[in-house]
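Residue-level listing of the chains:
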Amino acid sequence: MSERPSKFATAFPDMTAGRWAISGVLIVIAALVPVVVSNEYAMTVLVTTLILLVLNISWNFVLGIAGVWNFGQLAIYALGGYGAGILMLHTSLSPWLALLAGGVVGAVAAILLAFPTLRLYGIYTSLLTFAFAEVIQYVILNDGSGLTGGSFGLPIVRGLFGTASIASANRSYYWTVLAVVVLATLAVAAVSRSSLGIALRGLRDAPAYAAARGVSPLKFRLIAFALSGFLAGIAGALYVSFNQSIDPGVMGLTPMSIDVTMLVIGGMGTITGPIIGTALLAIVQTALVSHPGAELTILGVFLLVVVVFVPGGIVGLVSRYRKRISTWVAEDDSGGDPAENDDDVQPEGSTEQSVA
Amino acid sequence: MSDSPRLRVAGLRAGYGDSTVIRDLNLDVGAGEVAVVVGPNGHGKTTLLRAISGLLKPTGGQVELDGTDVVGQSAERISGLGLVHVPQGDGLFPEMTVEENLLMGAFGGGAWRSRRTELAKIYDRFPVVAARAHQRARTLSGGERRLVGLGRALMRTSQIMLIDEPSLGLAPVAIDTVYEAIGDLKSGGATIVLVEENFTHVGQIADSVHVLETGTIVASGSYAELSVDPTIVQTYLGSV
């Protein structure tokens, strides 16, 4: 107990120096992309994908880490987007404050949605939250007041970088959203190892026993929804700024299916899963952009294959094989099958001397 | 305060749906005592513990912790008053690591702040648990899991502990280790209600033994008295 690890090291116990180095290099490479890419269409696809990634990180937090089957996340995202968009249209508020306000709208909407889900579990939570999303979409579509613009959506919203040229705005958006992605990923990583994350995963795996350990389901679910809702709201606000409009098409079954597929393929409940899943599917989607009919079919097949053969997603698959390889290297006799242990197993902790 | 028992159960009734499992059950446990409840399968031992810890709402009677009635309160509230339930089959979180499982014991009552000291103590006491700290709980053997369950209960001090059949399904050598650990808890000052199917392992630690049949206590006494009473030994407990 004499040498206390620094606060920073305690917050990220899984991160070795090597892992920090790799993450740093990847972030630098990602930050240099706009310098290399001169095609504005490609820049648009990249920024859109990064915004989607912010949404997916927020959704992974509530769905994968907190384990609440919330299918209302796209409505929260849309509400954040509309909130920020309306502020940008009708007030002279700084667009950056409007961005934050989008996050607040998302958090408030998520907290309101959290209350009725407290007494529900599994499929009932999905049904309720999906119904919430449908109601929000219906209300926006049928809004007679002109505030949301109905099915046409909000008209030209001034974004974060108002009068900049398209090329320079695209790059500014890219770096802004990338920064949000990095911050959000660090936040989720730190939170998932903190008391909050342990409580959430405990409540996810065994709600009654977690409550019997003094973990309040009300308090922690509200916090989880608020954090996830805030991030989803920010994602929506980024969307409305970048596209200079938003319409009810951002919600609904098709975008939701694509997002879920991204999470499942990447590895739900993991930190890097949303990044990998979003990137991979964005590439597939871009490749299939000229075959609009085939796109959803192929994504469906993708999802099916992953769910059946790789239930942990790509991140789960990679950590399983890394384990196998490192155990194989460390052990001469291949007696036991250590493939079951997908955490850091000490191979020398042999079972003979342990309690049966 | 000093003469009221740490845990008092009076006239307790509890059950599932229309069927009453626990009826008019009385049990007093003084501070630092170990009360062992023995009885055959299906007579309400687990239900009794669940009713005390709030995992199951009693339909009548009182459960008092240090003189405060807690019947009808939520499990998380009762846990906050210093009661820890170590359920049958451990109640570990299988997909979380051993260390995270231990940390689950540090919620409520400011225990989170002292978590590192408590973790270090538990690792000292159970080296087997320390060796597995970063493995997922589901990859441990039954005996190891039970030690983790007990270790988790130790993350908060001054406890009332409910321990459900700690010997269930374990090899004799593992049972000895688990009972040694429970002995440590007792000498650490914990008040313990422990349920078992028989007398076999409890002789060393029991301050009082209570025989539970069809949902109520039918005999109480010291281990020495009950373990030589031929009727009780033959009817309920099999051989000693």
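Residues numbered from 1 in each chain as written. Chains lettered and ligands numbered in written order. Predicted model: local features only at pLDDT ≥ 70, side-chain atom pairs only at ≥ 80, totals over all residues. Heavy atoms only, no water.

Draft legend 1. Seen up close, the overall build of chain A. Within chain A one finds 14 helices and zero strands. Secondary structure elements of chain A occur, N-terminal to C-terminal, as α-α-α-α-α-α-α-α-α-α-α-α-α-α. Taken against the 2.2 N^0.38 rule, which gives 21 Å for 356 residues, the C-alpha radius of gyration of chain A at 22 Å falls within 12% of a compact globule. If one aligns the C-alpha atoms of chain A with their principal axes, the spans along those axes are about 75 × 50 × 50 Å. (Helix = DSSP H or I, 4+ residues; strand = E, 2+ residues; numbered from the N terminus. Rg over C-alpha atoms; globule rule 2.2 N^0.38 Å.)

Draft legend 2. Examining the overall build of chain B more closely. A count of helical and extended segments in chain B gives nine helices and ten strands. Taking the principal axes of its C-alpha atoms as reference, chain B extends roughly 45 × 40 × 35 Å. Within chain B, buried positions represent 54% of all 240 residues. Surface summary for chain B: the accessible area is close to 9,400 Å², and the carbon and sulfur share equals 48%. Each charge sign in chain B was given a centre, from 21 positive and 27 negative side chains, and these centres are 8 Å apart. (Buried < 20%, exposed > 50% of the residue type's maximum accessible area, 1.4 Å probe, protein only. Areas by Shrake-Rupley, 256 points an atom, 1.4 Å probe, with all protein chains shown as cover. Lys, Arg positive; Asp, Glu negative; His and termini not counted. Charge placed at Lys NZ, Arg CZ, Asp CG, Glu CD.)

Draft legend 3. Local environment of the confidence of the model for chain A. Per-residue pLDDT for chain A averages 86, and the proportion of residues at 70 or more is 90%. Segment residues 332-356 of chain A is flagged for pLDDT under 50; beyond a separation of four residues in sequence, or across chains, it makes 41 contacts in the model. (pLDDT = per-residue confidence, 0-100. Contact = heavy atoms within 4.5 Å.)

Draft legend 4. A look at the domain arrangement of chain B. All names here are of chain B. Domain boundaries assigned for chain B yield domain 1 (1-82 + 159-240) and domain 2 (85-157). Computed over C-alpha atoms, the centres of domain 1 and domain 2 are 22 Å apart. Listed as interface residues are 25 residues of domain 1 and, on the opposing side, 15 residues of domain 2. Counting the surface domain 1 buries against domain 2, the share from its top three residues, Q159, D164 and L185, is 28%. At the boundary of domain 1 with domain 2, the tally comes to one salt bridge. A salt bridge links R125 to D184; its shortest N-O distance comes to 3.9 Å. Taken together, the links from domain 1 to domain 2 amount to six residue pairs in polar contact (both at pLDDT 80 or more). (Domains from an automatic or database assignment. Buried area = accessible area lost by both parts, 1.4 Å probe. Salt bridge = Lys/Arg side-chain N within 4 Å of Asp/Glu carboxyl O. Polar contact = N/O pair within 3.5 Å; in protein donor to acceptor, adjacent residues only side chain to side chain.)

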